[in-house]
Amino acid sequence: MAIYDMRSVSKMNTFRAFRSPNYTLYFTGRSFSQFGTWMQRTAVVWVIYTLTHSSFMLGLTVFAEQFPSFLLSIFGGIAADRYDRYKIIKITQAASMVQASLLAVLMISGHYRVWEILTLSAVLGIINAFDVPARQSMIHEVLHDEADLPNALSLNSAMASLARLLGPAASGIILEKFGAGVCFFLNAASFGGVILSLVFMKLPPYAPPAIKKKVMSELVEGFAYLKQAPTIGLTILILALVSLLVIPYDTLLPVYAKDIFKGNAATFGYITSFIGLGAVGGTIILASLKKGADLKKLLLISIIMLGVGLIAFSHTRNFTLALLFVMLPGFGTVAQNTISNIIVQSESAPHMRGRAISIMIMAMFGMLPLGSLLVGAVSQRIGAPNTLLCQGITGLAIAAVFYYLLSRHKLDRADKQHPAATEKLVMEKA
């Protein structure tokens, strides 16, 4: 009986956010959309690499989608703080459906060029700049209990990771049998799931903020807020460094699938899916965390796993072994992103949450496309395996710097609180 009770408590702890019906609808709709999104991402990069055989063009493809999000996400955050997030998400999901439909029409018609795919990718980046801050901020509104926020964010990441596991695998098979157009069409249809879930939600009437400042004033206020919240600032800084130098490893995966492992679109789908498998494991662990877990320590561990996984995968020529190694970067990437999201959302003041999230998104979407360009250019000179090896070593170096900054922050905080605490921390470090 005791064992049964413990299992029941653990299960309730892992899925406690589903106590909120609105969150259940939110989660269900996003599940369909995420699955379609990963199908489209897999198809886009495979089509580009098949047309160009250039790792630099792979980096440019990622850049085209994500850099507009970097430029505009801060304005998306201001919009999320100023206007009805429910309506914003409805508009962005409908726009995403149109974008995917246009890609499908291009592919099915057979009259497509690289610049057309890049242009539509940039359009999606603009849409995401307004969609992501509103969608992330809205999680607070669909939860009955604010204490369920870390669990809800972890479950969202688990769902995204599962989509990353299944979406590329399905996309690889569909690419081989039916072509990219079907992948894009299925993604367009998946946005209907989000719109339908929004229709069935029962949210309180929207209450606009009483005072609206000028956009530039709110923009400056958002960045100034990071100085008042050093935990958020440090978290975003680390996220930016890892997003620039380490996470763009996935830019080179088509090179591994086609040239190193001598495979096809299905091979690429398997590699991406095993990354998703590692990500699923990471998010399940995060969703099961007890209240009061040391998130900064877990963030450090996730960066280390990311670096070690890339080093192990980089020069492995055995495909089965490579699939096992690539699960570590999957775990590390999603754990780092999820933990950073939890820290930023839980530490932010309600009236600043949209802007804090948008700055975090800027750190990610701004650095990822630049990192993808950098990785693509470097791999042209030293090859994909050596590039991934360097990225793994860089990840471990960032983890070491992060550990130093955390230790120093603890010492500074202890010194302000009580001199004896500082002496104790110094003795522990010695």
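Residues numbered from 1 in each chain as written. Predicted model: local features only at pLDDT ≥ 70, side-chain atom pairs only at ≥ 80, totals over all residues. Heavy atoms only, no water.

### A short note on the overall build of the chain
What the chain contains, in helices and strands, is 17 helices and zero strands. Taken as a whole, the chain presents about 19300 Å² of accessible surface, with 69% of it coming from carbon and sulfur. (Helix = DSSP H or I, 4+ residues; strand = E, 2+ residues; numbered from the N terminus. Areas by Shrake-Rupley, 256 points an atom, 1.4 Å probe, with all protein chains shown as cover.)

### Focus: the pattern of salt bridges
If you walk through the whole model with that rule in mind, you get two salt bridges. The residue Arg41 makes a salt bridge to Glu65 at a minimum N-O spacing of 3.9 Å. Linking Arg41 in helix H2 (residues 21-52) with Glu65 in helix H3 (residues 55-82), this pair joins segments that are 24 residues apart in sequence. Residue Asp131 is joined to Arg135 by a salt bridge in which the shortest nitrogen-to-oxygen separation is 2.9 Å. (Salt bridge = Lys/Arg side-chain N within 4 Å of Asp/Glu carboxyl O.)

### Details of helix H5 (residues 114-142)
Structural remark: α-helix, 3.6 residues per turn; residues separated by three or four positions point the same way. With 29 residues, H5 should reach 42 Å at 1.5 Å per residue; the first-to-last C-alpha distance of 40 Å fits that figure. Along H5, the sharpest kink reaches roughly 30 degrees, centred on Asn128. By the criterion of burial, H5 is predominantly enclosed, with 21 of the 29 residues buried. (Expected span 1.5 Å × (residues − 1). Bend = angle between axes of the 7 residues up to and from the residue. Buried < 20%, exposed > 50% of the residue type's maximum accessible area, 1.4 Å probe, protein only.)

### Some remarks on the packing of aromatic side chains
A complete count under the given rule lists nine aromatic pairs for this structure. Centroid distance Phe18 to Tyr23: 5.6 Å. Interplanar angle 45 degrees. Geometry classified as tilted. Note on Phe18: relative accessible area 29%, which makes it partly exposed. Classification of Tyr23 as buried rests on a relative accessible area of 0%. The ring of Trp38 carries Arg41 above its face, with NZ or CZ at 5.0 Å from the centroid. (Phe/Tyr/Trp six-rings, centres within 6.5 Å; stacked < 30°, edge-to-face > 60°. Lys NZ or Arg CZ within 6 Å of the ring centre and 35° of its normal.)

### A look at a nonpolar patch on the surface
Judged by side-chain polarity, Phe178, Val182, Phe185 and Leu186 come together as a nonpolar surface patch covering roughly 390 Å² of accessible area. Checked against the element boundaries, Val182 lands in helix H7 (residues 180-200). (Patch = residues over 30% accessible without salt bridge, like charges linked within 9 Å, V, L, I, M, F, W, Y side chains within 5 Å.)

### Details of the packing of helix H6 (residues 149-177) against H7
When two helices pack together, their arrangement is given by the angle between their axes and by how far apart the axes lie. It is the contact of H6 with H7, at a shortest axis distance of 7 Å, that shows an interaxial angle of 135 degrees. Taken together, the axis directions place H6 and H7 in an arrangement best described as oblique. Only Ala180, Val182, Cys183 and Leu186 of H7 make contact with H6, whose side of the interface consists of Ser171, Ile174 and Leu175. Taken together, the residues that form the contact of H6 with H7 break down as six nonpolar, one polar and no charged. (Axes fitted to C-alpha atoms, helices over the stretch in contact; angles between N-to-C directions. Parallel < 35°, antiparallel > 145°, perpendicular 65-115°, else oblique. Contact = heavy atoms within 4.5 Å. Nonpolar A, V, L, I, M, F, W, Y, C, P; charged D, E, K, R; others polar.)

### What to know about the side chain of Asn128
With respect to the helices and strands, the residue Asn128 is situated in helix H5. Residue contacts for Asn128: discarding those within four places in its chain leaves Glu65, Ser69 and Pro133.

### Overview of the packing of H2 against H3
One way to put it is that H2 packs onto H3 with a least axis distance of 9 Å and a crossing angle of 145 degrees. Between H2 and H3 the crossing geometry is right-handed. Across the interface between the two elements, Arg41, Val44, Val45, Ile48, Tyr49 and Thr52 of H2 pack against Ser55, Met57, Leu58, Thr61 and Glu65 of H3. (Left-handed = near helix turned anticlockwise from the far one by under 90°.)

### Digging into the UniProt feature "transmembrane region" (unreviewed entry) in the chain
Using the residue numbers shown here, the UniProt feature "transmembrane region" (unreviewed entry) corresponds to residues 179-201, 222-247, 267-286, 298-315, 321-344, 356-378 and 384-406. Taken end to end, residues 321-344 is 96% helix and 0% strand, and its first and last C-alpha atoms sit 36 Å apart. (UniProt positions renumbered as here; feature names shortened; annotations may be inferred.)

### Side note on the environment of Leu118
Mapping Leu118 onto the fold places it in helix H5. You can call Leu118 buried: its relative accessible area is 15%. When the C-alpha positions of Leu118 and Ile48 are compared, they lie 9.1 Å apart, and in sequence the two are 70 residues distant. Discounting chain neighbours no more than four positions away, the residues touching Leu118 are Met57, Leu60, Thr61 and Ala64.

### Some thoughts on the nonpolar core
In summary, soluble globular proteins display a tendency toward joint burial of nonpolar side chains. In terms of nonpolar packing, the biggest core is built from 82 residues, with Phe184, Ile236, Val242, Ile271, Phe313 and Phe402 touching the most fellow members. Beyond its immediate stretch of four places on either side in the chain, Phe402 contacts Leu234, Ile238, Lys296, Leu299, Leu300 and Ile303. Judged by nonpolar contacts, the second largest core, of 23 residues, contains Tyr23, Ile88, Leu149 and Ala152. (Core = buried A, V, L, I, M, F, W, Y, C linked by side-chain atoms within 4.5 Å.)

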